[in-house]
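Summary of structural features
Chain by chain, the residues:
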Amino acid sequence: MNLKDIANRRFGRLVAIRPTDQIRHHTRVWLCHCDCGNACLVPLNDLTNKIVRSCGCLSRESRKEKVKMLRKAREKSLVDGTDVSVLISAPDKRSQTGVRGVCPDRGKYRAYITFQGKRHYLGRYEKPEDAAKARQQAEDRLWGEFFEKHPELKEGKKDIGKKFG
Ligand SMILES: [Zn+2]
């Protein structure tokens, strides 16, 4: 049993006030004051091991913040139902050819493009360059109109162009 005196010590948002007569997890439970105005009971070990840093308001806030951020990121990357983050991201690291939308297929190279949730096959080619070219043309065709409507997203598109040479 730990009788260590932690009165007035700060642990995150909590300040230990006084020990209670409760024992939890083999350690003394302390009455703490949280910066948000709440009081709570926390076992001493949870305080010193930094397991508990607030009355619960901290994790509530960060959870809320996370949800907000996720929603924002999603709203930002979805324009007209198009996942812009896919359009402007680098080639898939798992891609076997290093070129987005081109994969080896029975000794040849198959080109495809995913646009607004649909996958379009663009044919099979002897050379990866040709498959990449087909993919580039499909990008220009499918995304051209899209970027005309959303010129602010064109910046990211330029980087894709570079990758296809
Ligand atoms: Zn609190």
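Above this note sits the structure.
Right, let's walk through the structure included here.

Each value, and the rule that gives it
- Residues numbered from 1 in each chain as written.
- Predicted model: local features only at pLDDT ≥ 70, side-chain atom pairs only at ≥ 80, totals over all residues.
- Helix = DSSP H or I, 4+ residues; strand = E, 2+ residues; numbered from the N terminus.
- Buried ≥ 20, exposed ≤ 12 C-beta atoms within 10 Å, placed from the backbone.
- Contact = placed C-beta atoms within 7 Å.
- Expected span 1.5 Å × (residues − 1).
- Bend = angle between axes of the 7 residues up to and from the residue.
- Core = buried A, V, L, I, M, F, W, Y, C linked by C-beta atoms within 7 Å.
- Pairing = 2+ DSSP bridges.
- Axes fitted to C-alpha atoms, helices over the stretch in contact; angles between N-to-C directions.

Secondary structure summary: the chain contains 5 helices and 9 strands in total. What you see in the chain, going N to C, is helices and strands ordered as β-β-β-β-α-α-β-β-α-β-β-β-α-α. Expressed as a percentage of the 165 residues in the chain, the buried residues total 16%. Taking as baseline every contact in the chain between residues at least 6 positions apart, the subset at least 24 positions apart corresponds to 32%.

Taking 1.5 Å of rise per residue, the 22 residues of helix α4 (residues 128–149) would be expected to cover 32 Å, and the 31 Å separating its terminal C-alpha atoms lies within 8% of that figure. The axis of α4 is deflected most strongly, by about 45°, at W143. For α4, the set of buried residues is A131, A132, A134, R135, Q136 and E139. The inward-facing, buried residues of α4 abut β7 (102–105), β8 (108–115) and β9 (118–125).

The subject of this paragraph is the nonpolar core. Core analysis: the largest hydrophobic core is formed by 9 residues, namely F11, L14, A16, W30, C32, V42, L44, L47 and V52. With residues near it in sequence (within four places) discarded, F11 still touches A16, L47 and R53. Counting residues in hydrophobic clusters, the runner-up holds 7 residues, among them V99, A111, A131 and A134.

Let us now look at the pairing of strand β4 (residues 39–43). As paired elements, strand β3 (residues 27–34) and β4 share 5 bridges and run antiparallel to each other. Across the sheet, V29 pairs through a bridge with P43, a residue of β4.

Attention now moves to the pairing of strand β2 (residues 14–24). Pairing geometry for strand β1 (residues 10–11) and β2, over 2 bridges, is antiparallel. Residue pairing in the sheet places R10 in a bridge with V15 of β2. Hairpin connection between β1 and β2: a loop of 2 residues separates the two successive antiparallel strands, and G12 in this loop has a positive phi of roughly 65°. Where β2 meets β3, 7 bridges bridge the pair, whose relative direction is antiparallel. If you follow I23 over to β3, its bridge partner there is R28. Here β2 hands over to β3 after 2 residues, with H25 in that stretch at a positive phi of 50°.

Here we take up the sheet that holds β3. Paired through their backbone hydrogen bonds, the strands of a sheet run either parallel or antiparallel. Spatially, the 4 strands line up as an open sheet ordered β1-β2-β3-β4, and their pairing is antiparallel. Every interior strand has two partners, whereas the edge strands, β1 and β4, have only one.

A few words on unusual backbone geometry. With the exception of glycine, the majority of residues adopt a negative phi angle, and the majority of peptide bonds are in the trans configuration. Despite not being glycine, H26 has its phi angle at roughly 65°, a positive value. In this structure, H26 sits in the loop between β2 and β3. With a phi close to 60°, K50 is a non-glycine residue in the positive phi region.

On to the sheet that holds β7. Spatial strand order, β7-β8-β9: 3 strands in an open sheet with antiparallel pairing. A single partner strand is all that each edge strand has here, and the edge strands are β7 and β9. On average, each strand axis in the sheet is inclined to that of its neighbour by 30°, with strand direction left out of account. With 6 bridges connecting them, β8 and β9 associate as antiparallel partners. When the sheet's bridge partners are listed, R110 is paired in β9 with R124.

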